[in-house]
Amino acid sequence: MNVFNYRFFITLMSKLFSDTIRQPNKPRFKQLFVLFLFSIWFIPQQIFNWICFYLDDIFFNSYKKIEVKPLFIIGVPRSGTTFLQRIISKDHAQFTGMSLWEVCVAPAICQKYFFLFLGRLDRLFGSPIFQLMVNFESWWFKNLHQLHQLSWFDMEEDEAIFLHQFSSFFLIYLFPYQEDFKPYIYYDQEVPYSIRKKQMEFYKNCVRRHLYVFGPNKSFLSKNPHFCPRIESIMTFLPESRFILIIRNPISTIPSNLSVFQYLCTHLANVNEGIFKNRTPIFESTMEMIRHWYHYPLAKLTAYKKNRYEILNYDEFRNNPRNEIKRVYHQLGLEYSSVYDQEVKQIMENSSRYISRHQYSLVQFGLSKKRILQDFRLIFKRWNFSRK
């Protein structure tokens, strides 16, 4: 069932409209653009999506019988989840996952078939539409690529599927009202069971729709840092789930998170960079989120069946990805084939030449190492991370 969060939609849009009116001297282009975008594109698209969902139930009803056995890659954002996803996604014999185009514009089966048909037609004429899209995304995502490599055609974080319900944490980058997003920081504890059930059933059916088209016998691969606060909900509504949790040194993840948060909010929501300094409300809200997303998955997963999860130390994973992947596969009962091993070796060779262009520091946010060591002392104690 696709239950659109009308109350949340009205709350955020009202606040955005009110801020736009109350601050006439502030540049308003970005706020007005968001209002325009949601009025002209988002709402009509959701109406069209619902029509397509109903068509799925008429013409492809058997998707509901597909068994979902997902593998979730989780961890605080900026912990290496993307790199791990790109390695495991090369195991085409066992896994499939949603690409960005599918998450954003084709959640329904009939939409997927339409775009796949369009792709085949495009290839008959030398792929001019595909090439146009590649050139466009190179320009559109140019600045974002310093933070995160993004493409319409790559497997991406499917938290965005909840945008179709207007129930995603991603919305904070357009509507930076942190007090309204607290339920998404503490999802299992603060979102009522009845709402969680509807949202997770919607997600489950979106996964089934994907598997119907791309491989009903495969396991669904999801890289989703924003699922850290949803562990109990996932275990309840997707009981066959398995997890890989990556733990990285907070001294690295925290300024990186703040940097990404700052970039997205300032570019999408016209927020002043100064509000991300130490002790401001949005700064403290982000720190609260990071703390919970470090500790909550550890507490929940260690009470889970041992063969349903594995925890990776980021430093060990980056030092020897191949050995760590083999260890994870063994722990989770997955087949590590010779064909896939060649793929892993190739990725390791390519990644050895990769240099991140993302620059950030603790000083940039008025944050001291002493505070991180204090707030995350249990993480440092358990994982013996460097304190330098």
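Just so you know, the residues in each chain are numbered from 1, in the order the chain's sequence is written. Whole-chain, interface and lining totals are the exception, using all residues; otherwise, since this is a predicted model, local features are given only for residues with pLDDT of at least 70 and side-chain atom pairs are given and counted only at 80 or more. As a rule here, side-chain values come from all non-hydrogen atoms in the structure, and water together with hydrogens is ignored.

## Considerations on the overall build of the protein
Secondary structure elements are defined from DSSP: runs of H or I of at least 4 residues count as helices, runs of E of at least 2 residues count as strands, and each element is numbered from the N terminus. In terms of helices and strands, the protein carries 17 helices and 5 strands. To get the radius of gyration, use the C-alpha atoms; to get the globule rule, take the number of residues to the power 0.38 and multiply by 2.2 Å. Taken over the C-alpha trace, the protein has a radius of gyration of 21 Å; the compact-globule value for 388 residues is 21 Å, and the two agree within 12%. For the C-alpha atoms alone, the extent of the protein along its principal axes is close to 55 × 55 × 45 Å. For every residue, the accessible area (1.4 Å probe, protein chains only) is compared with the maximum for its type, and the residue is labelled buried under 20%, exposed over 50%, or partly exposed between those bounds. Buried positions account for 53% of the 388 residues belonging to the protein. Whether two residues are in contact is decided by their heavy atoms, any of which lying within 4.5 Å being enough. Put simply, 79% of the contacts in the protein that link residues at least 6 apart link residues at least 24 apart. With an accessible surface of roughly 18,800 Å², the protein has 58% of that area assigned to carbon and sulfur atoms. Using the Shrake-Rupley algorithm and a 1.4 Å probe, accessible areas are obtained, with residue cover drawn only from the displayed protein chains.

## Section: the environment of Phe 376
Within the secondary structure layout, Phe 376 lies in the loop between helix H16 (369-375) and helix H17 (377-383). What makes Phe 376 buried here is its relative accessible area of 0%. Measuring from C-alpha to C-alpha, the distance between Phe 376 and Pro 250 comes to 7.3 Å, with 126 residues separating the pair along the chain. Non-local contacts of Phe 376, meaning those with residues more than four positions away in its chain, are made with Pro 250, Ile 254, Met 287, Ile 290, Arg 291, Tyr 294 and His 295.

## Overview of the layout of surface pockets
Two kinds of site are reported from a 1 Å grid over the protein atoms alone, namely cavities, where a 1.4 Å probe fits but cannot get out, and pockets, open sets with protein on both sides within 12 Å along at least five of seven lines, and residues are called lining when an atom falls within 4 Å of a point. Grid points are joined across faces, edges and corners, and a volume is the space filled by probe spheres set on the points. Roughly 490 Å³ of volume is contained in the second largest pocket. At the level of secondary structure, the elements contributing two or more residues to the lining of the second largest pocket comprise helix H4 (100-105), helix H5 (109-124) and helix H6 (128-140). Of all the elements, H5 adds the most residues to the lining of the second largest pocket, at 7 residues. In the scheme used here, Gly and all other residues not listed as nonpolar or charged are polar, with Ala, Val, Leu, Ile, Met, Phe, Trp, Tyr, Cys and Pro taken as nonpolar and Asp, Glu, Lys and Arg as charged. Each residue belonging to the lining of the second largest pocket can be placed in one class, and the counts come to 10 nonpolar, 2 polar and 3 charged.

## Brief notes about the environment of Ile 231
Position of Ile 231 among the secondary structure elements: in helix H10 (residues 231-237). The exposure class assigned to Ile 231 is buried, which follows from its relative accessible area of 0%. Considering only alpha carbons, one finds Ile 231 and Pro 192, 39 residues apart in sequence, at a separation of 15 Å. If we skip the residues at most four places from it in the chain, Ile 231 touches Ile 74, Asp 188, Phe 243, Tyr 296, Pro 297, Lys 300 and Leu 301.

Remember, this is a structural readout, not a statement about activity or role.
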